[in-house]
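Read off the chains here:
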Amino acid sequence: HGIKLKSPAHSAGASYTLTFPVNDGDADQFLQTNGSGVLSFAAAGGGAWTHIKTVTASSDSAVTMIHGTSDVVFDATYSTYALVITNLKPATDGTHLYLRYVQGGSVISTNKYGFFTNGGGSNQGVFYSNADNQTEFKLNGQSGYVITSDAEGSLDGIVYFSNPASTAVRKNIWWQISWQGAIANTQGRTGGGGFVDNTTANNGFSVLMNSGNIASGKFKLYGITS
């Protein structure tokens, strides 16, 4: 029993390196290249999403994903990454959801973030929030319209990261989230923001509440092939 990989004929003069992914992929995926010999598994069809990592929170102060030898979180393989958040429940009632970048293995909490959000609630008017020189992205805004911790409430959403590993451009993100507010009405936000440091690659991120732990929730990171 065995598997053989055969190179082209000697007369072709071909010489290159193929770097295989760290796992064997999921059912119905195919092996693709980024054009520089780095291989990854992806679903068939254009705009494929490749699963990278899943973290299930359980009374965690933060959910942090950092690029390393066993976890390929952010690198040059993809220009866009997506974080899917499912059934997030905060431990503390009336809180906000924050996101920070990681550089060199350290969470960045200095005044390098700018953001805006726009949305509203099922029994309330439109809400708009924006701020510069912040210590994090505030995904559901600066004040009011907070997230409930009751048994039936939860937050779901998706966050997109553009060129997080770049050392040439500033790092932008955009998001869409929905949740049950502290007064038991449905809330929704779309938003976006930027990180002012354009010379250092971001090699991860950290998601946290502004107060208390993340009681539960699932966080799945994908690389998007355009």
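Counting restarts for each chain: residues are numbered from 1 in the order of the written sequence. Local features in this predicted model are restricted to residues of pLDDT 70 or higher, and side-chain atom pairs are both shown and tallied only at a pLDDT of 80 or more, whereas totals for entire chains, interfaces and linings draw on every residue. Side-chain calculation: all heavy atoms of the structure are included, whereas hydrogens and water are not.

**Student:** If you had to explain the pairing of strand 4 (residues 63-66) to someone new, which residues and values would you point to?
**Tutor:** Side chains on a regular strand alternate between the two faces of the sheet. Only protein chains enter the accessibility calculation, which uses a 1.4 Å probe. A residue is then buried if its area is under 20% of the maximum for its type, exposed if over 50%, and partly exposed in between. Only DSSP runs of H or I covering at least 4 residues are called helices, and only runs of E covering at least 2 are called strands; the numbering of each starts at the N terminus. Where burial is concerned, the two faces of strand 4 differ: the one with Val 63 and Met 65 is buried and the one with Thr 64 and Ile 66 is not. The pairing of strand 4 with strand 14 (residues 204-209) spans four bridges and is classified as antiparallel. Across the sheet, the residue bridging to Val 63 is Val 207, located in strand 14. Pairing between strands is defined by DSSP: at least two bridges between the two strands are required.

**Student:** Before we move on, could you go through the sheet that holds strand 3 (residues 49-60) and cite the residues and values that matter?
**Tutor:** Pairing is antiparallel in the open sheet, where eight strands are placed in the order 3-15-5-11-12-13-8-9. With one partner strand each, in any of the chains shown, strand 3 and strand 9 (124-134) form the two edges of the open sheet. When strand polarity is set aside, the average angle formed by the axes of neighbouring strands in this sheet is 15°. Relative to strand 15 (residues 214-224), strand 5 (residues 80-90) runs antiparallel, the two sharing nine bridges. Across the sheet, residue Val 84 finds its bridge partner in strand 15, namely Lys 220. Helix axes use the C-alpha atoms of the stretch in contact, all axes being lines fitted to C-alpha atoms, and the angles between their N-to-C directions lie in the range 0 to 180 degrees.

**Student:** Explain the packing of aromatic side chains to me, and be specific about the residues and the numbers.
**Tutor:** When the centres of two rings from Phe, Tyr and Trp lie within 6.5 Å, Trp using its six-membered ring, the rings pair. Their planes under 30 degrees apart give stacked, over 60 give edge-to-face, and anything left gives tilted. Applying the stated criterion to the full structure yields 14 aromatic pairs. Geometrically, the ring pair formed by Phe 74 and Phe 205 is tilted, given 5.8 Å between the ring centres and 40° between the ring planes. With Phe 74 in the loop between strand 4 and strand 5 and Phe 205 in strand 14, this residue pair connects regions lying 131 residues apart in the sequence. Phe 205 sits in the buried class, given a relative accessible area of 0%. The ring of Tyr 98 carries Lys 138 above its face, with NZ or CZ at 5.3 Å from the centroid. Look at NZ for Lys and CZ for Arg. If either is within 6 Å of the ring centre and within 35 degrees of the ring normal, a charge sits over the ring.

**Student:** Break down the pattern of salt bridges for me, with residues and values.
**Tutor:** Should a side-chain nitrogen of Lys or Arg be within 4 Å of a carboxyl oxygen of Asp or Glu, the pair is scored as a salt bridge. Per the stated rule, a full pass over the model turns up three salt bridges. Residue Glu 136 is joined to Arg 100 by a salt bridge in which the shortest nitrogen-to-oxygen separation is 2.8 Å. Taken together, the positions of Glu 136 in the loop between strand 9 and strand 10 (137-138) and Arg 100 in strand 6 (residues 97-103) put the pair 36 residues apart, joining distant regions of the chain. What makes Arg 100 buried here is its relative accessible area of 17%. A salt bridge links Asp 197 to Lys 112, with the nearest nitrogen and oxygen atoms 3.6 Å apart. Of this pair, Asp 197 sits in the loop between strand 13 (186-195) and strand 14 while Lys 112 is found in the loop between strand 7 (106-107) and strand 8 (113-121), placing the two residues 85 residues apart along the sequence. For Asp 197, a relative accessible area of 12% corresponds to the buried category. Ionic contacts of the salt-bridge type, sharing partners, join the residues Arg 100, Glu 136 and Lys 138 into one network.

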